[in-house]
Amino acid sequence: MAKKFDNLDFIPTISDSEEDVPDLDPSDDELQQQNETVEVSTKPPTKGKKSKKSKNVKKNDLDEDVHEDINTEFTFNLEDSSQYNTDFDGWNFNGDDNGVKEDEIKKDVDLDKIIRRKGGLIKMARIEDVEEEEVEEEEEEEETKSDNEDELAMDGFGMGAKITQDDDDDEEENDDDESDKEEEEEEEEEEGQEIDSASAFGKGGDLIEEEEDSAEAIADFYAPEDEGKEAKQQTHTTFNSLSLSRPVLKGLSQLGYSKPSPIQSATIPIALLGKDVIAGAVTGSGKTAAFMIPIIERLLFKPTKVASTRVIVLTPTRELAIQISDVAKRIGQFVSGLTFGLAVGGLNLRQQEQSLKTRPDIVIATPGRFIDHIRNSASFNVDSVEILVMDEADRMLEEGFAEELKEIMALLPSKRQTLLFSATMNSKIKQLVSLSLRKPVRIMIDPPKQAASKLTQEFVRIRKRDHLKPALLFNLIRKLDPQGQKRIVVFVARKESAHRLRVILGLLGMSVAELHGSLSQDQRLDSVNKFKALEVPVLICTDLASRGLDIPKIEVVINYDMPKSYEIYLHRVGRTARAGREGRSVTLVGEASQERAIVRAAIKSVEDTNQISNNGSRALGRNVDWVQIEETNNLVEKSKDTVEEILAEEKEEKEILRAEIQLKKGENMLKYKNEIQARPRRTWFQTETEKKNAKVLGVMARNKKETNSKKRKREEALQEGGKIYKKTQQDRIKDQQRGGKGKKDGKGKKGGRR
């Protein structure tokens with residue numbers, strides 16, 4: 001049987017035996033027939049009803065274009081047949097459910113309680129409320145002056161403006177700020193976001209074009225380009241035309257999905273064939289369902305005799321893994337015998353071990369915890385893995401995951417199907433070689449580096465008012481959402497900034513939540529769930545939440561701190577305007593050249609998109625009342641001492657809590673000493689120190705790579721006896737006075753080269 005697949009350029013997986021095809025859920029008519037009689041039918045089934053007991057059905061009697069498991073008369077019973085279900089309340093972010101009683105759960109420090117003791121969280125008692133009429137007038141003014149706002153956005157950030165002496169002075173100040181980059185990069189590495197701004201921007205703040213792969217390399221590595229083009233040209237008005245089985249269609253119907261998105265329409269048929277796929281589409285376009293639907297569809301035909309893990313889904317963040325797990329469970333809720341496992345850090349390790357012992361069909365994991373379980377969890381192995389999925393693949397291919405990814409690739413079987421998905425997938429061959437891809441099909445639905453449609457991108461120029469940013473944030477939130485009925489996500493660069501902003505806004509009477517790496521996993525999930533339920537309308541977070549999280553009806557994204565690259569900017573603003581909905585982003589922009597370059601890239605992307613098709617996206621400049629912000633800032637300045645007192649009191653309570661935990665651990669050690677010592681010692685792929693060292697080495701490697709051209713020039717100068725120091729402005733003036741003698745020899749060649 002295997003010989004007929006010898007000439008294929010892809011790997012058929014899951015099962016190639018028709019004997020392993022399971023009995024799908026019967027229809028209501030079939031159930032009624034089974035209750036009435038158990039006699040085997042000898043007549044051909046009527047149209048639209050295929051009896052499972054019939055032995056005389058021939059393949060020629062079925063429509064060749066329709067899968068034999070499909071009822072051709074099956075339709076979705078939805079009142080609204082639009083593409084998206086607006087009543088969907090989002091995915092669940094549930095942590096451990098280990099049966100621990102509420103009074104036994106470890107308590108965290110109640111920061112809101114401390115803020116209340118200091119007089120905070122009072123509903124705007126000391127500041128006049130913004131009238132709704134003023135808000136409406138401001139929004140109307142923005143609508144009527146859209147052309148002027150576009151001009152303001154371009155002129156304010158250097159689009160088509162002449163360079164003046166003031167601009168030159170700003171550039172010199174930005175050069176002085178370069179010394180702070182190492183500190184910023186170190187902070188980003190603590191967050192798990194290793195971003196080197198110098199690799200994305202030049203000295204002048206312009207985006208540096210990455211070296212493109214050659215046509216020969218592309219032809220040798222990827223599948224023929226026609227396959228990707230044909231996939232994108234396929235149009236499916238319903239999921240029925242994708243030849244999916246009834247249990248999967250029923251799960252999609254329960255979610256309210258009736259029409260596949262472009263990325264789903266293009267990817268699902270290719271993935272069902274077992275081919276490797278590299279797919280990219282804008283945020284909120286349904287990429288998770290694009291890889292989960294074909295996976296679940298193929299698992300319907302798995303051998304059922306032996307339990308084994310056949311699919312691994314890797315994600316860069318814990319919250320995204322939990323979300324994908326819920327997506328998969330909902331799509332496959334009517335597929336009998338389908339099992340799922342979750343392996344992420346921060347949640348109960350023993351509970352995950354017990355789940356993985358059963359060898360679930362699909363395991364969704366973060367890289368570190370996945371390696372931990374392979375090394376230390378009994379009876380869990382990946383020998384039977386046939387499909388590997390990497391969500392947010394471009395993030396997974398960065399240096400921060402390099403060593404872990406290398407270890408995982410060595411553990412997984414080489415003969416497998418690999419699916420890579422991301423909103424900013426650049427698909428550089430040199431990054432993909434280590435994944436052992438087999439002629440992957442590239443499917444890029446939208447132009448690369450483009451924001452979602454129906455997104456209004458607003459920019460506020462801070463100039464030299466960085467000290468007013470907390471007050472500006474407070475006023476922006478109040479104007480955008482005076483009643484606290486909108487979900488607003490605020491992105492900051494550092495976790496310390498997120499925590500301090502929570503305290504400051506709490507003292508001003510605004511209840512907010514925070515999401516970053518310093519919180520425990522339970523705290524992080526609690527913040528997300530409160531935000532999702534609108535118990536807290538504002539979520540302040542680091543880039544931890546910029547990747548993949550799909551919380552419905554986020555109306556506004558505020559970039560309190562500018563990201564380090566345009567790709568991260570796209571992921572941030574992609575939290576709103578998802579699945580065809582409208583959204584708004586507000587970005588606070590300083591005078592740094594790289595920040596202005598990101599704004600120019602955003603404006604250019606909107607202009608280019610609108611030239612092709614007006615998709616409802618806009619880029620505007622936003623005016624703010626700096627006088628009112630100064631008044632708010634006076635209150636912030638007066639509360640500085642109170643903020644420090646709150647942070648100090650919180651620290652003391654955390655130390656007390658930590659001491660209580662250590663005491664409890666000591667008691668358990670004395671009480672269960674023999675049992676604890678009898679457990680096998682856990683081994684670790686990388687210690688925390690090794691991880692930090694790897695990140696530092698990654699940064700050093702990037703910096704070394706960037707200076708290769710300068711190093712080469714210095715080496716050439718040394719070999720030829722030329723200068724080895726950088727020319728100063730005075731040197732250049734002297735060369736010009738000599739008529740270029742210092743630059744060229746008699747033969748007109750530079751630097752005395754022979």
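Residues numbered from 1 in each chain as written. Predicted model: local features only at pLDDT ≥ 70, side-chain atom pairs only at ≥ 80, totals over all residues. Heavy atoms only, no water.

**Thoughts on the overall build of the protein chain**
Point 1. If you tally the helices and strands in the protein chain, you get 29 helices and 14 strands.
Point 2. Within the protein chain, the fraction of its 754 residues that count as buried is 46%.
Point 3. When contacts within the protein chain are restricted to residue pairs at least 6 apart in sequence, long-range pairs at least 24 apart make up 80% of them. (Helix = DSSP H or I, 4+ residues; strand = E, 2+ residues; numbered from the N terminus. Buried < 20%, exposed > 50% of the residue type's maximum accessible area, 1.4 Å probe, protein only. Contact = heavy atoms within 4.5 Å.)

**Topic: the nonpolar core**
The tendency in soluble globular proteins is for nonpolar side chains to be buried side by side.
Point 1. Ranked by size, the top nonpolar core spans 51 residues in total, and within it Leu244, Phe291, Met292, Ile293, Val313, Ile331 and Ile362 carry the most contacts.
Point 2. It is helix 12 (residues 287–299) that provides the largest number of residues to this core, a total of eight residues.
Point 3. Residue contacts for Phe291: discarding those within four places in its chain leaves Val313, Ile324, Val389, Asp391, Leu419 and Phe421. (Core = buried A, V, L, I, M, F, W, Y, C linked by side-chain atoms within 4.5 Å.)

**A few points about the sheet that holds strand 7 (residues 441–444)**
Point 1. What the seven strands build is an open sheet, ordered 3-4-2-5-6-1-7; its pairing is parallel. Edge positions in the open sheet fall to strand 3 (340–343) and strand 7, since each of these has one partner strand only. Between one strand axis and the next, the sheet turns through 15 degrees on average, direction left out of account. (Pairing = 2+ DSSP bridges. Axes fitted to C-alpha atoms, helices over the stretch in contact; angles between N-to-C directions.)

**Considering helix 12**
Residues separated by three or four positions in an α-helix point in the same direction, a consequence of the helix having 3.6 residues per turn.
Point 1. The terminal C-alpha atoms of helix 12 lie 19 Å apart, and with 13 residues this matches the ideal 18 Å at 1.5 Å per residue to within 8%.
Point 2. Summarising burial for helix 12: 13 of the 13 residues are buried, a large majority. (Expected span 1.5 Å × (residues − 1).)

**A short note on the sheet that holds strand 10 (residues 512–515)**
Point 1. The strand order across the open sheet built from seven strands is 10-11-9-12-13-8-14, with neighbouring strands paired in parallel fashion. What marks the edges here is a single partner per strand, and that holds for strand 10 and strand 14 (618–621). The sheet shows a mean angle of 20 degrees between the axes of neighbouring strands, direction not considered.
Point 2. The pairing of strand 12 (residues 554–559) with strand 13 (residues 583–589) spans four bridges and is parallel. Paired with Val557 across the bridge in strand 13 is Ser585.

**A look at the packing of helix 12 against helix 13 (residues 318–331)**
Point 1. Contact geometry of helix 12 with helix 13 gives a least axis separation of 10 Å together with a crossing angle of 45 degrees. Taken together, the axes of helix 12 and helix 13 are oblique relative to one another. Between helix 12 and helix 13 the crossing geometry is right-handed. Every residue of helix 13 that contacts helix 12 at Thr288, Ala289, Phe291, Met292, Ile293 and Ile296 is listed here: Ile324, Val327, Ala328 and Ile331.
Point 2. In terms of residue class, the contact of helix 12 with helix 13 is made up of nine nonpolar, one polar and no charged. (Parallel < 35°, antiparallel > 145°, perpendicular 65-115°, else oblique. Left-handed = near helix turned anticlockwise from the far one by under 90°. Nonpolar A, V, L, I, M, F, W, Y, C, P; charged D, E, K, R; others polar.)

**Description of the packing of aromatic side chains**
Point 1. A complete count under the given rule lists five aromatic pairs for this structure.
Point 2. Considering the side-chain rings of Phe370 and Phe380, the 6.3 Å spacing of their centres and the 85 degrees angle between planes classify their relative orientation as edge-to-face. Of this pair, Phe370 sits in helix 15 (residues 367–376) while Phe380 sits in the loop between helix 15 and strand 5 (387–391), and the two are 10 residues apart along the sequence.
Point 3. Among the residues examined, Phe370 registers a relative accessible area of 1% and is labelled buried.
Point 4. Take Phe380: its relative accessible area is 5%, and that puts it in the buried class.
Point 5. When the ring of Tyr566 is compared with that of Tyr569, the centres are 5.9 Å apart and the planes differ by 20 degrees; the resulting orientation is stacked. (Phe/Tyr/Trp six-rings, centres within 6.5 Å; stacked < 30°, edge-to-face > 60°.)

**Things to note about the pattern of salt bridges**
Where charged atoms of side chains with opposite charge meet at close range, the side chains can pair.
Point 1. One pass over the full model with this rule turns up 24 salt bridges.
Point 2. Across the salt bridge formed by Glu649 and Arg117, the nearest N and O atoms sit 2.2 Å from each other. Pair noted here: Glu649 is in helix 25 (residues 640–671) and Arg117 is in helix 2 (residues 111–117), with a separation of 532 residues, a long-range link.
Point 3. A relative accessible area of 46% places Arg117 in the partly exposed class.
Point 4. Lys275 is the salt-bridge partner of Glu227, the closest N and O atoms lying 2.8 Å from each other. (Salt bridge = Lys/Arg side-chain N within 4 Å of Asp/Glu carboxyl O.)

**Topic: the side chain of Thr315**
Point 1. Its place among the elements puts Thr315 in the loop between strand 2 (311–314) and helix 13.
Point 2. Taking the relative accessible area as the measure of exposure, Thr315 reaches 0% and is therefore buried.
Point 3. Looking at Thr315, its side chain comes within polar contact range of the main-chain oxygen of Thr317, at 3.0 Å.
Point 4. Once residues lying within four places of it in the same chain are set aside, the contact partners of Thr315 are Leu320, Ala321, Ile324, Ala365, Thr366, Pro367, Asp391 and Met396. (Polar contact = N/O pair within 3.5 Å; in protein donor to acceptor, adjacent residues only side chain to side chain.)

**Some words on helix 25**
Point 1. Taking 1.5 Å as the rise per residue, helix 25 with 32 residues should run 46 Å; its terminal C-alpha atoms sit 47 Å apart, in good agreement.
Point 2. Within helix 25, the full set of buried residues consists of Val643, Ile646, Leu647, Glu649, Glu650 and Leu657.
Point 3. Buried residues along helix 25 sit against helix 2 and helix 20 (495–507).

**Focus: the environment of Ile462**
Point 1. Tracing the chain through its elements places Ile462 in the loop between strand 8 (455–461) and helix 19 (469–480).
Point 2. Given a relative accessible area of 2%, Ile462 falls into the buried group.
Point 3. It is 5.7 Å that separates the C-alpha atoms of Ile462 and Val589, two residues lying 127 residues apart in sequence.
Point 4. Not counting chain neighbours up to four residues away, the residues in contact with Ile462 comprise Lys469, Leu472, Leu588, Val589, Gly590 and Trp626.

**Examining the environment of Val528**
Point 1. Mapped onto the elements, Val528 comes out in helix 21 (residues 521–532).
Point 2. Taking the C-alpha atoms as reference, Val528 lies 8.7 Å from Glu514; in sequence the two are 14 residues apart.

**Description of the pairing of strand 5**
Point 1. Among the five residues that make up strand 5, five are buried, leaving the element largely enclosed by the rest of the structure.
Point 2. Burial along strand 5 is two-sided: Ile387, Val389 and Asp391 facing one way and Leu388 and Met390 facing the other are all buried.
Point 3. Here four bridges tie strand 2 to strand 5, and the two strands are oriented parallel to one another. When the sheet's bridge partners are listed, Val311 is paired in strand 5 with Ile387.

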